[in-house]
Amino acid sequence: MYANSKKAKDIMDNVEVLIVGAGVIGLAIAAKLSQQFNEVLVIDKNASFGEETSSRNSEVIHAGIYYPQNSLKAMLCVQGKAMLYQYCQARHIPVNKIGKLLVANGEEEQLSLEKIRINALNNGVDDLTWLDQTQLTQLEPSLRATAALHSPSTGIIDSHAYMQNLLAEAEQNNAMFVAQTKLISATPTNNGFEVRLDSQGEVLSMQCKYLINCTGLHSEAVAKCIKGLDSAHIPKLHWCRGHYFSYQGKSPFKQLIYPIPRDNGLGIHASLDMGGQLKFGPDTQYIEHLDYHFPENLKEAFIRQISRYFPTLDKNKLQPAYAGIRPKLQGADDPFKDFVIQTSEVHQLNGLINLFGIDSPGLTSSLAIAEYVAEQINKR
């Protein structure tokens, strides 16, 4: 059960670790750090855990194919994928290694596909196989593509069940989660931070030795509440909304279908959830304000892109489903930007770790990110 703010104040006036943000990253870090620290407190401004980016995505376990070699995204995705499958198996979390086809249409896209294959190999993803048009017709009759890379280690997960398990593990290790609580300020002390919290309108003060900011969409704003943190170390965050359409009836595909990546995203892909429901998305739409609005005029653009690899698409079966927002460090016209996991080596504030730009493949990487954060703490 969640603790209320009074119980948290009574028990934890002085905690070892305060984790701000209870999305999948915060919960994974809590589960990991609760193994070595007795007093771990997780707070979130929402009424429950995982209410933002962590519950509004494709629920895909990525293989680590696209990201530049030696980037955190590449390394933590490949490591995290293996850890995640193992974790799900051990804790009976619904997961399905369903596989994915990354498809090309025409010679130009096939050249891009070959570059992606080489990049994946450099990242340690050595299980991709090249399929030609004949093989694809046999495998997925509804698919139009001249070639594809098959990724057998790509899968899908019940992300809510996964987050529930992370929270349960943390609480079994005496960690505590308090909802409807946000950070007002954090002031460095000789042994960590004095923090002020707003918990359902009540202002609380407490001490913590380690402060971990993993608030996703709000990580830039939360970082600005930390006194003594040089603004030069707070990157500009860009909010990128993506929309999903569901497809009524039986899915024509047995696995995930991805086009060649474009427009700062992985393209409008076809994915399945654990119940077999087919959905298409996300697109990429940069926004200035947090807003999950679903514009009415999106359907035609989706139809155009999906029809390139699914020519028999029945547009009447395509229905608006939901929107999610990704916390990206790259703007609309920027090149690749990596995860930022920022420690005192950069900002000189002992005990503070800021996580910025944890967009895709954050879910896949979550356990590896938690291990990375634990290593950074133990180094100091």
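Each chain has its residues counted from 1, running along the sequence as written. Given that the model is predicted, a residue must reach a pLDDT of at least 70 before its local features are reported, and side-chain atom pairs must reach 80 or more before they are shown or counted; all residues, however, enter totals for whole chains, interfaces and linings. In computing side-chain properties, one takes all heavy atoms of the structure into account and sets aside hydrogens as well as water.

**Looking at the overall build of the chain**
Right, on to step 1. A count of helical and extended segments in the chain gives 10 helices and 20 strands.
Right, on to step 2. Relative to a compact globule of 380 residues, whose C-alpha radius of gyration would be 21 Å, the chain shows 21 Å and is just as compact.
Right, on to step 3. For the chain, the C-alpha atoms occupy an extent of roughly 65 × 40 × 40 Å along the three principal directions.
Right, on to step 4. When a residue's accessible area, from a 1.4 Å probe over protein chains only, is under 20% of the maximum for its type it is buried; when over 50% it is exposed; and in between it is partly exposed. Taken across its 380 residues, the chain has 55% of its residues classed as buried.
Right, on to step 5. Taking as baseline every contact in the chain between residues at least 6 positions apart, the subset at least 24 positions apart corresponds to 73%.
Right, on to step 6. Areas reported as accessible are Shrake-Rupley estimates using a 1.4 Å probe. Residue values count occlusion only from the protein chains shown. Of the roughly 16400 Å² that the chain leaves accessible, carbon and sulfur atoms contribute 47%.
Right, on to step 7. Neither His nor the chain ends contribute to the count of charged residues, in which Lys and Arg are positive and Asp and Glu negative. Charge placement uses NZ in Lys and CZ in Arg. For Asp and Glu, CG and CD serve respectively. Distance between charge centres in the chain, computed from 35 positive and 39 negative side chains, equals 2 Å. Segments assigned H or I by DSSP are reported as helices when at least four residues long, segments assigned E as strands when at least two residues long, and all are numbered from the N terminus. Between the two quantities, the radius of gyration covers C-alpha atoms and the globule rule is 2.2 Å times the number of residues to the power 0.38. Residue contacts are defined here by distance: any two heavy atoms, one from each residue, within 4.5 Å place the two residues in contact.

**Here's the deal with the packing of aromatic side chains**
Right, on to step 1. Aromatic pairing here means that ring centres of Phe, Tyr or Trp (its six-membered ring) are within 6.5 Å. Orientation follows from the plane angle: under 30 degrees is stacked, over 60 is edge-to-face, and everything else is tilted. Inspection of every chain in the model, using the stated rule, returns 10 aromatic pairs.
Right, on to step 2. Between F245 and F294 the ring centres are 5.2 Å apart and the planes differ by 85°, which places this aromatic pair in the edge-to-face class. Separated by 49 residues along the polypeptide, F245 in strand β13 (residues 238-247) and F294 in the loop between β17 (285-287) and α8 (299-307) bring together distant segments of the chain.
Right, on to step 3. With a relative accessible area of 2%, F245 lands in the buried category.
Right, on to step 4. According to the relative accessible area criterion, F294 is buried, its value standing at 18%.
Right, on to step 5. With a centroid separation of 5.8 Å and an interplanar angle of 90°, the aromatic rings of Y247 and F280 are classed as edge-to-face. One end of the pair, Y247, is in strand β13; the other, F280, is in strand β16 (residues 278-281), and 33 residues separate them in sequence.

**Considering helix α10 (residues 362-379)**
Right, on to step 1. Along α10, the helix axis deviates most sharply at A368, where the bend reaches about 40°.
Right, on to step 2. Across the 18 residues of α10, 13 count as buried, placing the element largely inside the fold. A residue's bend is simply the angle between two axes: one fitted to the seven residues ending at it, one to the seven starting at it.

**Topic: the state of the cysteines**
Right, on to step 1. In plain terms, two cysteine sulfur atoms within 2.5 Å form what is called a disulfide here. With the rule as written, the count across this model stands at zero disulfides.
Right, on to step 2. Just so you know, C88 is unpaired, no disulfide at all, and the nearest cysteine sulfur is the one on C77, 14 Å from it.
Right, on to step 3. Classification of C88 as buried rests on a relative accessible area of 1%.
Right, on to step 4. Between C240, a cysteine without a disulfide, and C77, which holds the nearest cysteine sulfur, the sulfur-to-sulfur distance is 18 Å.

**Remarks on the environment of Y87**
Right, on to step 1. You can see Y87 is positioned in helix α3 (residues 72-91).
Right, on to step 2. Measuring from C-alpha to C-alpha, the distance between Y87 and E140 comes to 31 Å, with 53 residues separating the pair along the chain.
Right, on to step 3. Discounting chain neighbours no more than four positions away, the residues touching Y87 are I93, Y162, N165, L166, E169 and L367.

**Notes on the pattern of salt bridges**
Right, on to step 1. By definition here, a salt bridge exists when the distance from a side-chain nitrogen of Lys or Arg to a carboxyl oxygen of Asp or Glu is within 4 Å. Evaluated as defined, the whole model comprises nine salt bridges.
Right, on to step 2. For the salt bridge of K45 with E52, the shortest nitrogen-to-oxygen distance reads 3.0 Å.
Right, on to step 3. With a shortest N-O distance of 3.2 Å, K224 and E220 are connected by a salt bridge.
Right, on to step 4. The structure contains a network of salt bridges with shared partners spanning K73, K328 and D359.

**Quick look at the sheet that holds strand β8 (residues 155-157)**
Right, on to step 1. Judged by pairing direction, the sheet is antiparallel, and its three strands sit side by side in the order β3-β8-β4 without closing on themselves. Of all the strands in the sheet, the pair left with one neighbour each is β3 (60-61) and β4 (95-96).
Right, on to step 2. Pairing between β4 and β8: two bridges, direction antiparallel. Pairing of V95 across the sheet is with I157, part of β8. Here, a strand pair is defined by DSSP locating no fewer than two bridges between the strands.

**Points about unusual backbone geometry**
Right, on to step 1. Residue P282 is reached from G281 by a cis peptide bond, and omega for that bond is -5°.
Right, on to step 2. With an omega of 10°, the peptide bond running from S360 to P361 counts as cis.
Right, on to step 3. The topology assignment puts P361 in the loop between β20 (352-356) and α10.
Right, on to step 4. For H92, which is not glycine, the phi dihedral falls at a positive 55°.
Right, on to step 5. Among the secondary structure elements, H92 is positioned in the loop between α3 and β4.
Right, on to step 6. Owing to a relative accessible area of 72%, H92 belongs among the exposed residues under this scheme.

**Brief notes about the nonpolar core**
Right, on to step 1. In this structure, I29, Y162, I212 and L355 are the most contacted members of the largest nonpolar core, which totals 49 residues.
Right, on to step 2. Those elements that provide at least two residues to this core are β1 (14-20), α2 (24-33), β2 (40-43), α3, α6 (159-172), β12 (202-213), β20 and α10.
Right, on to step 3. The contact partners of I29, leaving out residues within four places of it in the chain, are I19, I212, C214, L355, A370 and V373.
Right, on to step 4. The next biggest cluster of nonpolar side chains, apart from the first, holds 43 residues, and it includes A104, A148, F253 and Y258. Each nonpolar core is a collection of buried residues, namely Ala, Val, Leu, Ile, Met, Phe, Trp, Tyr and Cys, held together in the definition by side-chain atoms within 4.5 Å.

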